Amino acid sequence: MSAPLGKDLVGLEHLSPDQIRLILDTAEPFKEVSERAIKKVPTLRGKTIVNLFFESSTRTRISFEFAEKRLSADTVNIGATGSSVQKGETLVDTARNLEAMRIDMVVMRHPSSGAARFLAERIASNVINAGDGTHEHPTQGLLDLLTIRDVKGAIAGTRVCICGDILHSRVARSNIWGLLKLGAEVAVCGPQSLLPRGIDELGVTVFRRIEEAIQWADVLNVLRLQLERMNAGFIPSLREYNRVFGVTVERLERAPREMLILHPGPMNRGVEIDSQVADGPHSVILRQVTNGVAVRMAVLYLLAGGRPELAEAAKGGGAE
Amino acid sequence: MKPLLLRGGRVIDPSRDLDDTADLLIQDGQVKAVGRGLGLPNGGEAMDVTGLVVAPGLVDVHTHLREPGQEDRETIASGAAAAAAGGFTAVCAMPNTDPPIDNQSAVGFVVKQGAAAAGARVYPIGAVSLGQKGEHLAEFGELVGAGAVAVSDDGRPVASGHLMRTALEYARTFGIPVADHCEEPSLAAGGVMHEGLVATRLGLKGIPAAAEEIMVARDILLAGHTGGHVHLCHMSTRGSVELIRRAKDRHLPVTAEACPHHFALTHDACEGYNTNAKMNPPLREREDVEAIRAGLKDGTIDAIATDHAPHHYDAKEREFDDAPFGIVGLETALGLGLTVLVEGGVLPLAQLIARMSTVPARTFGLTGGSLAPGRPADVLVFDPSAAWTVDPRRFRSKSRNTPFAGWELKGRVVRTIVGGRTVFHSGSGEGGVVRP
């Protein structure tokens, strides 16, 4: 049968709304697997998956690995250090060598935008983008969508503002595509030096002040401010960033509605987000992490050719 | 060399405002006569060129021939052959080789290899600064003495305003242009494509138009201040064209070139992370392309130059960030000019010839660009209406990195003649072009 998502998941920009909804719906039955005492189903038994992480990652890599293991796939982890990449091997050579060992899927994190697509076009295995440069991080976007849907009941009509370093954020791009496709109203807020050119042409509203964003939004997705941005001169200091753009309790108290707070992690407490907000009642940051495993299980299942309507049943048997 | 009579062609010579059906006689390496009913000297070859255009050979003031140092990408011989196949009778070789052409013996090497290549004429461009490091002036006098026709640190901008000023002043002694790659380094740092909506979507770091325009403005001011001739390489933005137009209104010693890719493509060509659309300066937006075309029409942009930049195939088979900048251009330039500019209604044919031959030759003080009797016979014969499909496998260049593969272009080079000697003849089989 033809796979409902195609061969690869490189981004949300080129998925249809139905495909995105399909992944979210497929994630629902997989949530339960992680709540069991024995967190394992045989769905991907016999599949070999390579986690190819050219950039450091804790959350995403572990989340994928749990998703793979809970689906009974065989997994191998490869990092940039200690691998042939350090010896100057090109990406395509690395991938072709892996493929020569007969693998089924590659989950890749890479510092260059477009690397996932580049790989997907050159190998027959399924490729899942676990973050490519400043392009996309589709499974993060999907788990954010799933979390918003869990709490709000629907995504259409919800006002979501993505806050912070939009310029360098793959999470922002995947969120923008996913949210827009599912009918949310989307805004971004951050210093102009961290907003990419032409972002408004994607169909998002731009707020220059966090106070305005808070007045407008139902959901804030607060991005991590990478510390190296200050050294690169994009902002004067972390202290000032917190004072001007930080999501603080004081600012949220003036919100006209109850605000849902997301953060893709890892957080810089006291910089882009205050601890009281991150740990507060409206934060769903840990729920995002939990949903991440389910979303990744759904993506793995669907790319392996699993039929969405059989996801529940598949938990007891192999994917087709 | 036996005499050659090109009979019955459309002779276009912008140096003399000539565009008429005529014969052209080449004898002793020179244009002997242009006129109707010319007789064929004893032992000469007559070629019926009815329906074809006879023009001065094309002149490219901006190529990278990669020798010495990167002969896997191109050699002076393969570059000169690619040039001949593309209709060029003269090319200027940029000095950013390994080692760079920053001394007289290096210039002499390029001259020697160019002569041995026996394709298009190869003119060396010397470096502005030793090692192209942007610090100490190279010895312009010795460079020119050995055969350099200009100086440039192309590939890198001359970042220091002081160095650029000194170079312009010093170059006046020798009457050569300083060709500058306009790029403000701190604004362009890390950028891989034009800063705009496409870069935003692809998540690629952009190079803003202002990075080019700031240096264009600086160079214009310094040309005005010093009286030195600055030649602005590969102009790509609307703002640059406007700045140059104003400089020319004030009769400053400023000339400029634009590349075929900058009048033919926008940043949309980078979609899908197409590394063959990665060049520096980057492909810009529609309004920039329109401005370049308008600049070519009104003379703000003097010349079309290819910025021919060969790369080994696997260098472009990389992540977009890691792929090198640049594309080959010698074998597609005429076709793109004829198709996009002439057929597209931007330039009349004679003006395209002027921008690709007469004006660049004059700007850099080179042989060629004219079919006046007594001039060296650097002649191009082409079929302006023949269509062909770009097939990089058939390039004479050693490299294949082009975004124009598969494009249907008008204008097939039939014969290229340098100093009376045929260096390319499409009938000889090994063409860089696919015949219709």
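Quantities reported herein were computed from a predicted structural model and do not represent experimental measurements. (Residues numbered from 1 in each chain as written. Chains lettered and ligands numbered in written order. Predicted model: local features only at pLDDT ≥ 70, side-chain atom pairs only at ≥ 80, totals over all residues. Heavy atoms only, no water.)

**Student:** I keep staring at the overall build of chain B and nothing clicks. Help me out?
**Tutor:** Secondary structure summary: chain B contains 13 helices and 18 strands in total. By the compact-globule yardstick of 22 Å for 436 residues, chain B fits well, its C-alpha radius of gyration being 20 Å. Seen along its three principal axes, the alpha-carbon backbone of chain B occupies a region of about 65 × 50 × 40 Å. Here chain B holds 436 residues, and the buried ones make up 62% of them. Pairs at least 24 apart in sequence give 74% of the contacts found in chain B among residues at least 6 apart. Accessible surface, chain B: about 14700 Å² in total, of which carbon and sulfur atoms supply 49%. Charged side chains of chain B number 42 positive and 52 negative; the gap between the two group centres comes to 5 Å. (Helix = DSSP H or I, 4+ residues; strand = E, 2+ residues; numbered from the N terminus. Rg over C-alpha atoms; globule rule 2.2 N^0.38 Å. Buried < 20%, exposed > 50% of the residue type's maximum accessible area, 1.4 Å probe, protein only. Contact = heavy atoms within 4.5 Å. Areas by Shrake-Rupley, 256 points an atom, 1.4 Å probe, with all protein chains shown as cover. Lys, Arg positive; Asp, Glu negative; His and termini not counted. Charge placed at Lys NZ, Arg CZ, Asp CG, Glu CD.)

**Student:** Explain the domain arrangement of chain B here, please?
**Tutor:** Accessible area lost upon the coming together of the parts is a frequently used measure of interface size. All names here are of chain B. The domain boundaries assigned to chain B delineate domain 1 (4–54 + 375–425) and domain 2 (56–364). Each of domain 1 and domain 2 has a C-alpha centre, and these two points are 25 Å apart. Across the boundary between the two partners, domain 1 contributes 38 residues, which contact 48 residues of domain 2. Of the roughly 3300 Å² buried at the junction of domain 1 and domain 2 (both faces included), carbon and sulfur atoms supply 66%. Among the residues domain 1 hides against domain 2, the three largest losses belong to Lys398, Asn401 and Phe404. Together they make up 19% of the total. (Domains from an automatic or database assignment. Buried area = accessible area lost by both parts, 1.4 Å probe.)

**Student:** Looking at this model, I keep getting lost on the confidence of the model for chain B. Mind explaining?
**Tutor:** Low pLDDT marks regions whose predicted coordinates should not be analysed in detail. Residue and element names in this part refer to chain B. When the pLDDT values of chain B are averaged, the result is 96; 98% of them are 70 or greater. In this model residues 429–436 is a low-confidence stretch, pLDDT under 50, and it forms 26 contacts with partners more than four residues away in sequence or in other chains. Across the whole predicted complex the pTM is 0.93, and at the interface the ipTM reaches 0.92. (pLDDT = per-residue confidence, 0-100.)

**Student:** Would you explain the sheet that holds strand E9 (residues 151–152) of chain B in this entry?
**Tutor:** Backbone-to-backbone hydrogen bonds join strands into a sheet, with any given pair of strands oriented parallel or antiparallel. All names here are of chain B. A sheet is described by the order of its strands in space; here five strands give the open sequence E9-E10-E13-E14-E15, paired in parallel fashion. Edge positions in the sheet fall to E9 and strand E15 (303–304), since each of these pairs with one other strand and no more. Helix H4 (residues 161–172) rests against strand E10 (178–180) and strand E13 (230–232) of the sheet, and its axis sits at about 150 degrees to E10. (Pairing = 2+ DSSP bridges. Axes fitted to C-alpha atoms, helices over the stretch in contact; angles between N-to-C directions.)

**Student:** I keep staring at empty space enclosed by the protein and nothing clicks. Help me out?
**Tutor:** Summary: where empty space remains is shown by rolling a probe the size of a single water molecule over the atoms. All names here are of chain A. Tallied over the full model, the rule gives seven cavities of 30 Å³ or more. Reported here for the largest cavity is a volume of approximately 70 Å³. Taken together, Arg59, Thr60, Ser63, Gln140, Leu143, His263, Pro264, Ile285, Gln288, Val289 and Arg296 form the lining of the largest cavity. For the lining of the largest cavity, the secondary-structure elements that each account for two or more residues are helix H2 (59–70), helix H5 (138–152) and helix H12 (285–303). For the lining of the largest cavity, the element with the most residues is H12, which contributes four residues. (1 Å grid on protein atoms, 1.4 Å probe; cavity = no way out; pocket = protein on both sides within 12 Å on 5 of 7 lines; lining within 4 Å. Points joined across faces, edges and corners; volume = space filled by probe spheres on them.)

**Student:** What is the right way to look at the interface of chain A and chain B in this model?
**Tutor:** At the junction of the two partners, chain A supplies 24 residues and chain B supplies 15 residues. Summed over both sides, the interface of chain A with chain B buries roughly 1600 Å², with 52% coming from carbon and sulfur. When residues of chain A are sorted by the area they lose upon contact with chain B, Ser113(A), Phe118(A) and Arg197(A) head the list and together hold 29% of the total. Between the two partners, chain A and chain B, sit two salt bridges. Secondary-structure elements contributing two or more residues to the side of chain A that touches chain B are helix H3 (91–100), helix H4 (115–120) and helix H6 (170–181) of chain A. (Salt bridge = Lys/Arg side-chain N within 4 Å of Asp/Glu carboxyl O.)

**Student:** Explain the sheet that holds strand E2 (residues 74–79) of chain A here, please?
**Tutor:** Residue and element names in this part refer to chain A. The strand order across the open sheet built from four strands is E2-E1-E3-E4, with neighbouring strands paired in parallel fashion. In the strand order of this sheet, the two ends are held by E2 and strand E4 (126–132), each with one partner. For this sheet, the mean angle separating the axes of adjacent strands, direction not counted, is 15 degrees. Bridge analysis of strand E1 (residues 48–53) against strand E3 (residues 105–110) gives five bridges, and the strand direction is parallel. The residue bridging Asn51 from the neighbouring strand is Val107, located in E3.

**Student:** When you look at unusual backbone geometry in this model, what are you seeing that I'm missing?
**Tutor:** Leaving glycine aside, a negative phi is the common case for residues, and trans is the common case for peptide bonds. For the bond running from Gly265(A) to Pro266(A), omega is -10 degrees, close enough to zero to count as cis. Summarising the element assignment, Pro266(A) is placed in the loop between strand E9 (260–262) and helix H11 (275–278). Cis geometry marks the peptide bond from Asp98(B) to Pro99(B); its omega dihedral reads 5 degrees. If you trace the backbone, Pro99(B) turns up in the loop between strand E7 (88–93) and helix H2 (104–117). Although it is not a glycine, Arg102(A) sits at a positive phi angle of roughly 65 degrees. By relative accessible area, which is 65% here, Arg102(A) ends up exposed. Located in the positive-phi region is Asp28(B), a residue other than glycine, with phi close to 55 degrees. Summarising the element assignment, Asp28(B) is placed in the loop between strand E2 (18–27) and strand E3 (30–35).

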